[in-house]
Amino acid sequence: MNNATIKAEIGRSTWKLLHTMVAQYPEDPKDDERAALEQFITLLSRLYPCGECAEHFQLLLDKYPPQTSSRISASQWACAIHNKVNERLGKDIFNCADIEQKYQCGCEEDSVDNQTTTKH
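Basis of the calculations
Starting afresh in each chain, residues are numbered from 1 along the sequence in its written order. It should be noted that, the model being predicted, local features are given only for residues of pLDDT at least 70 and side-chain atom pairs only at 80 or more, the latter also being counted only at that level, while totals for whole chains, interfaces and linings use all residues. Just so you know, side-chain values use all the structure's heavy atoms and leave hydrogens and water out. By the criteria applied, helices consist of DSSP H or I runs no shorter than four residues and strands consist of E runs no shorter than two, each listed in order from the N terminus. One less than the number of residues in a helix, times 1.5 Å, gives the span that helix is expected to have. Relative accessible area decides the class of each residue, using a 1.4 Å probe on protein chains only: under 20% of the type maximum gives buried, over 50% gives exposed, and in between gives partly exposed. Any two residues having at least one pair of non-hydrogen atoms within 4.5 Å are treated as being in contact. Residues belong to a common nonpolar core when they are buried Ala, Val, Leu, Ile, Met, Phe, Trp, Tyr or Cys residues joined through side-chain atoms within 4.5 Å. Pairs of cysteine sulfur atoms within 2.5 Å are what we label disulfides. The salt bridge criterion pairs a side-chain nitrogen of Lys or Arg with a carboxyl oxygen of Asp or Glu, the two atoms within 4 Å. Orientation is described by lines fitted to C-alpha atoms, with helices fitted over the stretch in contact, and by angles between N-to-C directions that extend from 0 to 180 degrees. Angles below 35 degrees are treated as roughly parallel, those above 145 as roughly antiparallel, those between 65 and 115 as roughly perpendicular, and all remaining angles as oblique. Under the grouping applied here, Gly and all other residues not named as nonpolar or charged are polar, the nonpolar ones being Ala, Val, Leu, Ile, Met, Phe, Trp, Tyr, Cys and Pro and the charged ones Asp, Glu, Lys and Arg. Here a crossing is called left-handed whenever its near helix is offset anticlockwise from the far helix by less than a right angle, and right-handed whenever the offset is clockwise.

Chemist: Honestly, helix α4 (residues 71-89) in this entry has me stumped. Any pointers?
Modeler: Spacing of three or four residues puts side chains on the same side of an α-helix, whose turn is 3.6 residues. Look at α4: 27 Å from first C-alpha to last across 19 residues, which is about the 27 Å you get at 1.5 Å a residue. Residues Arg-71, Ser-73, Ala-74, Ser-75, Trp-77, Ala-78, Cys-79, Ile-81, His-82, Asn-83, Val-85 and Asn-86 constitute the buried set of α4. Taken together, the buried residues of α4 touch α1 (4-23), α2 (31-47), α3 (51-63) and α5 (99-102). In the segment just after α4, Gly-90 is the residue with positive phi, at about 75°.

Chemist: Looking at this structure, how should I read the nonpolar core?
Modeler: Inside soluble globular proteins, nonpolar side chains tend to come together where they are buried. Of all hydrophobic cores here, the largest spans 18 residues; its most connected members are Ile-41, Phe-57 and Trp-77. Where this core is concerned, the elements lending two or more residues are α1, α2, α3 and α4. The element contributing the most residues to this core is α4, with five residues. Not counting the four nearest positions on each side in its chain, Ile-41 is found in contact with Leu-18, Phe-57, Leu-61, Pro-66 and Trp-77.

Chemist: I'm lost on the state of the cysteines in this one. Help?
Modeler: What makes a disulfide is a covalent bond joining the sulfur atoms belonging to two cysteines. The full count for this structure, using the stated rule, is one disulfide. Each sulfur of the disulfide joining Cys-79 and Cys-96 lies 2.0 Å from the other. Note on the Cys-79 and Cys-96 pair: the S-S dihedral is about -90°, so by sign convention the disulfide is left-handed. Here Cys-96 lies in the loop between α4 and α5 and Cys-79 lies in helix α4, a separation of 17 residues in the sequence. Exposure class is identical for Cys-79 and Cys-96. Each is buried.

Chemist: Just to check I follow, could you spell out the pattern of salt bridges for this structure?
Modeler: Oppositely charged side chains may form a pair once their charged atoms are brought near each other. All told, the structure shown has four salt bridges when counted by the stated rule. In this structure, Glu-27 and Arg-71 form a salt bridge, with 3.3 Å as the shortest nitrogen-oxygen distance. With a gap of 44 residues between them, Glu-27 in the loop between α1 and α2 and Arg-71 in helix α4 connect regions that are remote in the sequence. For Asp-98, the salt bridge identified is with Lys-102, shortest N-O distance 3.7 Å. The class for Lys-102 is partly exposed, based on a relative accessible area of 46%. Within this structure, Lys-7, Glu-52 and Arg-88 form a network of salt bridges that share partners.

Chemist: What am I meant to see in the packing of α1 against α2 here?
Modeler: When two helices pack together, their arrangement is given by the angle between their axes and by how far apart the axes lie. Where α1 meets α2, the closest approach of the two axes is 12 Å, and the angle between their N-to-C directions is 175°. By the angle class used here, α1 and α2 are roughly antiparallel. Across from Thr-14, Leu-17, Leu-18, Met-21 and Val-22 in α1, the residues of α2 making contact are Leu-37, Phe-40, Ile-41 and Leu-44. In terms of residue class, the contact of α1 with α2 is made up of eight nonpolar, one polar and no charged.

Chemist: Before we go on, may I ask you to explain the packing of α1 against α4 in this structure?
Modeler: Axis separation between α1 and α4 bottoms out at 8 Å; the angle between their running directions is 160°. As judged from the angle between their axes, α1 and α4 are roughly antiparallel. Taken as a pair, α1 and α4 cross one another with a handedness that is left-handed. Of α4, the residues touching α1 (which contributes Trp-15, Leu-18, His-19, Val-22 and Ala-23) are Arg-71, Ala-74, Ser-75, Ala-78, Cys-79, Ile-81, His-82 and Val-85.

Below, the structure is given as C-alpha cells:
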C-alpha cells in the first residue's frame, strides 16, 4: 500500500473497530465467543489490505496470542498490541488503564431506547 494517507486512515479505523469490539466483549465469554474473537483477529491479520502491516501483525500474534478469557484481558491485550505497533512506528504509547471507557459504541443506550420506544 503506497499511499501513506490512506494507509494511516485504514489503520486508525481498524484500531477503532478492534478496540470498540473488545470493549463490548463479554465479561465472561462462552467458548464459542472466545473462539470467534480469536478467529476474527487471525482473519484480520491475514486479510488486512496492507501486506506489510498484515505480516507484522501476524508476527505479533505469534509472539503475543490474543487473550480472550474476559473483556478486560481482551481489551488490555488489544491495547498492548496497539502499543507494540505504535513503538515500531515511533508513535505515542497509549495509557491502557482506561481503554475500555475510551471505546464505547453507544450500543447499550441504543438498545434501551429502542426497547422503550418500539414496544407494541
